[in-house]
Amino acid sequence: MLPFYIRPLCWLALVGGAVACAPTYQLGLKPSKSTGLFAEGREQAQAVADSVEVRLSFVCYEANRVVFEAEYRNPTRRSLVVDPAAFQYEANRLPSPAPDPKAKRPKPLPGAEVSAAIAAASMALPLPPLPPQSVSAFDPEPEISALRAKAEKEAERASRIDWFGVALSVASVASDVASIGKRETPAQYQSRAAIHDAAVTYSVISAANKVEHAVAADVLQQRAAMLQDYALRKVTLEPGQQVRGYLYFPRYDAADGFVLKAPVGSSVVPLEFAQVRTRQ
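Cut-offs used in this document
- Residues numbered from 1 in each chain as written.
- Predicted model: local features only at pLDDT ≥ 70, side-chain atom pairs only at ≥ 80, totals over all residues.
- Heavy atoms only, no water.
- Helix = DSSP H or I, 4+ residues; strand = E, 2+ residues; numbered from the N terminus.
- Rg over C-alpha atoms; globule rule 2.2 N^0.38 Å.
- Buried < 20%, exposed > 50% of the residue type's maximum accessible area, 1.4 Å probe, protein only.
- Contact = heavy atoms within 4.5 Å.
- Core = buried A, V, L, I, M, F, W, Y, C linked by side-chain atoms within 4.5 Å.
- Salt bridge = Lys/Arg side-chain N within 4 Å of Asp/Glu carboxyl O.
- pLDDT = per-residue confidence, 0-100.
- Pairing = 2+ DSSP bridges.
- Expected span 1.5 Å × (residues − 1).
- Phe/Tyr/Trp six-rings, centres within 6.5 Å; stacked < 30°, edge-to-face > 60°.

A. Quick look at the overall build of the protein. Summing up its helical and strand segments, the protein has 4 helices and 14 strands in all. What you see for the protein is a C-alpha radius of gyration of 29 Å, clearly larger than the 19 Å of a compact globule of 280 residues, by over 25%. Counting only C-alpha atoms, the protein reaches 90 × 65 × 35 Å along its principal axes. The buried share of the protein, taken over its 280 residues, is 37%. For the protein, the share of sequence-separated contacts (at least 6 apart) that also reach a separation of at least 24 residues comes to 70%.

In structure tokens:
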């Protein structure tokens, strides 16, 4: 398995209950219409425009994102630019049941698939409004640049000489050398011991901070490298070529479905996905 950022552990999101004993739901995404096409066990939605084939499959949820994998095949005799930033989705929702103040809270049976409205009602939660406009996919290029810049700063902090720590250590050694062969008063001994203790304590803290910055730099570098290698990035597909990569969208748990708009040249093709909640 690839590391967490690009091949994230695909735990499906659990929608928590608002009160004790409220039901919980497992959240998932699948093509609205079965296609019989699969990639690594994931069913793909498919669309064709101007002879260009586009396939899209749901990968997993991250904390604030939903991850799809896009695949383009260009059998034409012309080149095609694929730009992840041109992808968008429109969220939709099934009609909510008519409000009835006397109606009891719905209690779906385990294994039942329910709409966002039913799930919210069963947990006595308000139903958020849908996004007012189309939502764009994340462009990986600014994020890759930002991760690299942060990694460089963290690496610089990890390797930076701590001159204050050096000065403390020099002062501690100097006081120890100056005390050799001399009879110290209790005050002088306590002063020298305080300098020594401060130098040791500061050295430990400084070393721990350097390790923390080094680890942070390594993690950021890995995330940038993984995103660079596995995310769908802007590319020109020549005739006969194909490309695949991950797309990252803001996740929106309160929708019942999404129409993803995939760019093909100057037009877009829709690929529909249903977001389902399974009662646990």
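B. Structural detail: the nonpolar core. One finds Phe-68, Tyr-72, Phe-87, Phe-249 and Leu-271 to be the most contacted residues of the largest nonpolar core, which totals 36 residues. With 5 residues, strand E5 (residues 52–61) is the single largest residue contributor to this core. Setting aside its immediate chain neighbours within four residues, Phe-87 contacts Ala-70, Tyr-72, Val-135, Ser-136, Ala-137, Leu-232, Leu-247, Phe-249, Lys-261, Ala-262 and Pro-263. Formed by 12 residues, the second largest nonpolar core is a distinct cluster that contains Val-59, Ile-144, Leu-147 and Leu-227.

C. Inspection of the pattern of salt bridges at higher detail. The tally for this structure, following the rule as stated, stands at 12 salt bridges. Its salt-bridge partner being Arg-233, residue Glu-141 comes within 2.8 Å of it at the nearest N-O pair. Residue Glu-141 is found in helix H2 (residues 140–159), and its partner Arg-233 is found in the loop between helix H4 (186–230) and strand E11 (235–237); the two are separated by 92 residues along the sequence. We note a salt bridge from Asp-253 to Arg-251, for which the minimum N-O separation is 2.9 Å.

D. Structural context of the confidence of the model for the protein. Residues at a pLDDT of 70 or more form 91% of the protein, whose mean pLDDT is 86. When pLDDT is averaged over each helix and strand of the protein, the minimum, 37, is found for strand E1 (residues 14–15) and the maximum, 97, for strand E8 (residues 88–92). Overall, residues 1–20 carries pLDDT values under 50, and its contacts beyond four positions in sequence, including any with other chains, amount to 49 contacts.

E. Examining unusual backbone geometry more closely. Despite not being glycine, Asp-50 shows a phi value in the positive range, around 55 degrees. Residue position: Asp-50 is located in the loop between strand E4 (42–49) and E5. Positive phi values are uncommon outside glycine, yet Ser-51 reaches one of about 75 degrees. Among the secondary structure elements, Ser-51 is positioned in the loop between E4 and E5.

F. The arrangement of the pairing of strand E13 (residues 257–264) in detail. The buried fraction of E13 is high, at 6 of 8 residues. Pairing of E13 with strand E14 (residues 267–279) involves 8 bridges; the strand directions are antiparallel. Directly across from Leu-260, in E14, lies its bridge partner Leu-271. Hairpin geometry of E13 and E14 is characterised by an intervening segment of 2 residues between the two adjacent antiparallel strands and by a positive phi of about 65 degrees at Gly-265.

G. Representation of the sheet that holds strand E6 (residues 65–73). The strand order across the open sheet built from 5 strands is E3-E4-E5-E6-E12, with neighbouring strands paired in antiparallel fashion. Each edge of the open sheet carries a strand with a single partner, namely strand E3 (38–39) and strand E12 (242–250). In this structure, E4 lies alongside E5, joined through 6 bridges in antiparallel fashion. Of the residues in E5, the one forming a bridge with Ala-49 is Val-52.

H. Quick peek at H4. Its 45 residues give H4 an end-to-end C-alpha distance of 66 Å, which sits within 8% of 66 Å, the value for a rise of 1.5 Å per residue. Buried-residue contacts for H4 involve H2, helix H3 (163–178) and E12.

I. Seen up close, the environment of Ala-117. When you line up the elements, Ala-117 lands in helix H1 (residues 116–122). In this structure, the C-alpha to C-alpha distance between Ala-117 and Ser-96, residues 21 residues apart in sequence, is 5.6 Å.

J. Region of interest: the packing of aromatic side chains. Summed over the entire model, instances satisfying the criterion amount to 7 aromatic pairs. Aromatic pair Tyr-72 and Phe-87: ring centres 6.2 Å apart, planes at 90 degrees, arrangement edge-to-face. Taken together, the residues span a long stretch of sequence, with Tyr-72 in strand E6 and Phe-87 in the loop between strand E7 (80–82) and E8 at a distance of 15 residues. Look at Tyr-72 and you get buried, because its relative accessible area is 0%. Among the aromatic residues, those joined into a ring-pair cluster are Phe-58, Tyr-61, Phe-68, Tyr-89, Phe-249, Phe-258 and Phe-273.

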